[in-house]
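Here are the chains, one letter per residue:
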2 protein chains.
Amino acid sequence: MAELNEIIHQPIRLRTMAALVTLGANEEVDFSYLRKLLTVTDGNLGAHLHKLEEAGYIKINKSFVDRKPHTYISATPAGRKVFAEHVAALEVILKGK
Amino acid sequence: MAELNEIIHQPIRLRTMAALVTLGANEEVDFSYLRKLLTVTDGNLGAHLHKLEEAGYIKINKSFVDRKPHTYISATPAGRKVFAEHVAALEVILKGK
């Protein structure tokens, strides 16, 4: 039976990974872009990103731009791989297998 | 933003609905068939079916065959509709929208 990845299946994390894997390999998005895209609070998004980072699926890069802190997020190769596997499992499941 | 239905998104319930909506409009499956398909325990499947029934997405039909109780499950028209909407939302989300 097709296996769903429980870390990725949660809606906010699924949307986050989907947004990240559609970027190029060296591209990243900033935190506020994701927060607006997903219509979530800072705290909620932060908690989900932490979970994805712990699993090794995303990389979080904090830096300063004009002395203001910015957080950039990108999918790791491992994250892209598990996301692709998750989508493949969903496709099988949605056909009722 | 595409909305995911939280009742249907849970993996066991997603698989259950997917299995049911691929049946014809007047077809139903029995409990033990679903339990084997999903590799879950009686109690676990029962709880998820209860939640889907409460939401009006499935119909549970209990009857006796040769004096043995049998439980038959089918998707309701409302269940088919929300499942189709959920799949459409997933398709949008998986493209990173």
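Cut-off values and rules
- Residue positions are given per chain, counting from 1 as you read along its sequence in written order.
- Both sets of labels track the order of writing: A upward for chains, 1 upward for ligands.
- The predicted origin of the model limits local features to residues at a pLDDT of at least 70 and limits the giving and counting of side-chain atom pairs to 80 or more, whereas totals for whole chains, interfaces and linings rest on all residues.
- Only hydrogens and water are removed before side-chain values are computed, so all heavy atoms of the structure are retained for them.
- Here, strands pair whenever DSSP counts at least two bridges between them.
- By definition, any uninterrupted DSSP run of H or I lasting at least four residues is a helix, any uninterrupted run of E lasting at least two residues is a strand, and each is numbered from the N terminus.
- Throughout, nonpolar core names a set of buried Ala, Val, Leu, Ile, Met, Phe, Trp, Tyr and Cys residues whose side chains join them through atoms within 4.5 Å.
- Buried, partly exposed and exposed residues are distinguished by accessible area as a fraction of the type maximum, computed with a 1.4 Å probe on protein chains only: under 20%, between the cut-offs, and over 50%, respectively.
- Residues count as neighbours in contact if any of their non-hydrogen atoms are within 4.5 Å of one another.
- In this comparison the copies share one frame, found by least squares on the C-alpha atoms of residues holding pLDDT of at least 70 in both.
- The rule for a salt bridge is simple: a side-chain nitrogen of Lys or Arg has to be within 4 Å of a carboxyl oxygen of Asp or Glu.
- Arc definition: it is the arc formed by the directions from the helix axis to the C-beta atoms.
- What counts as buried area is the accessible surface, traced by a 1.4 Å probe, that two parts surrender upon association, with contributions from both included.
- Whenever two N or O atoms come within 3.5 Å, that pair is a polar contact, provided that in protein one can donate a hydrogen and the other can accept it, and provided that, for residues adjacent in sequence, both atoms are side-chain atoms.
- Polar here means any residue outside two lists: the nonpolar Ala, Val, Leu, Ile, Met, Phe, Trp, Tyr, Cys and Pro, and the charged Asp, Glu, Lys and Arg; Gly therefore counts as polar.
- The predictor rates its confidence in each residue with pLDDT, a number between 0 and 100.

With that settled, the discussion passes to the sheet that holds strand 3 (residues 68-75) of chain A. All names here are of chain A. The antiparallel open sheet is built from 3 strands, whose spatial order is 1-3-2. Each edge of the open sheet carries a strand with a single partner, namely strand 1 (29-30) and strand 2 (58-65). Summarising the sheet, strand 1 and strand 3 pair through 2 bridges and their orientation is antiparallel. Counterpart to V29 in the pairing with strand 3 is I73.

A few words now on the nonpolar core. Judged by nonpolar contacts, the single largest core of 59 residues is most densely connected at A:M17 and A:F83. The residues touching A:F83, leaving out its near neighbours within four places in the chain, are A:I8, A:L14, A:M17, A:A18, A:V21 and B:L94.

With an axial shift of 0.0 Å and an RMSD of 0.0 Å, the rotation relating chain B to chain A amounts to 180°. The transformation relating the two chain copies, once decomposed into turn and shift, fits a two-fold axis. A high fraction, 100%, of the interface residues of chain B reappear at the interface in chain A, so the copies pair face to face through one surface.

With respect to topology, 3 strands assemble into an open sheet ordered 1-3-2 (chain B), the strand pairing being antiparallel. At either end of the open sheet lies a strand with only one pairing partner, and these are strand 1 (29-30) and strand 2 (58-65) of chain B.

In this section: the pairing of strand 2 of chain B. For a regular strand, the rule is simple: side chains alternate between the two faces of the sheet. Residue and element names in this part refer to chain B. Looking at chain direction, strand 2 and strand 3 (residues 68-75) are connected through 8 bridges and run antiparallel. In the sheet register, S63 faces strand 3, and the bridge partner there is H70. Between strand 2 and the antiparallel strand that follows it, strand 3, lie 2 residues; D66 among them carries a positive phi value of about 50°.

This next bit is on the pattern of salt bridges. Residues and elements named next belong to chain A. In total, this model carries 4 salt bridges over all chains according to the counting rule given. One salt bridge connects E85 with K81, and the closest N-O pair in it is separated by 2.9 Å. Of this pair, E85 and K81 both sit in helix 5 (residues 77-94), separated by 4 residues, roughly a single helical turn. Judged by relative accessible area, which is 41%, E85 ranks as partly exposed.

Right, let's talk about helix 3 (residues 31-38) of chain B for a bit. All names here are of chain B. Taken together, the buried positions of helix 3 are F31, L34 and L38. Viewed end-on, helix 3 has its buried residues packed into an arc of 65°, placing them on one side of the element. Tucked into the core, helix 3 has its buried residues touching helix 2 (11-21), strand 1, helix 4 (42-54) and strand 3. Positive backbone phi, approximately 50°, marks T39, located one or two places after helix 3.

The next thing to look at is the interface of chain B and chain A. Counting from both sides, the interface comprises 21 residues of chain B and, opposite them, 21 residues of chain A. Together, the buried faces of chain B and chain A total about 1,800 Å²; carbon and sulfur atoms form 72% of this surface. Taken together, the connections running from chain B to chain A amount to 1 residue pair in polar contact (both at pLDDT 80 or more). For the side of chain B that touches chain A, the secondary-structure elements that each account for two or more residues are helix 2, helix 3 and helix 5 (77-94) of chain B. A class-by-class count of the residues in the side of chain B that touches chain A yields 14 nonpolar, 4 polar and 3 charged.

The subject of this paragraph is the confidence of the model for chain A. Detail in the predicted coordinates should be disregarded across regions flagged by low pLDDT. This prediction gives chain A a mean pLDDT of 91; 98% of its residues lie at or above 70. ipTM for the predicted complex: 0.77, alongside a pTM of 0.85.

All names here are of chain B. Non-glycine residue T39 carries a positive phi angle of around 50°. Mapped onto the fold, T39 is located in the loop between helix 3 and helix 4. The exposure class of T39 is exposed, given its relative accessible area of 64%. Even without a glycine there, the phi angle at R67 is positive, about 65°. Counting through the fold element by element, R67 comes out in the loop between strand 2 and strand 3.

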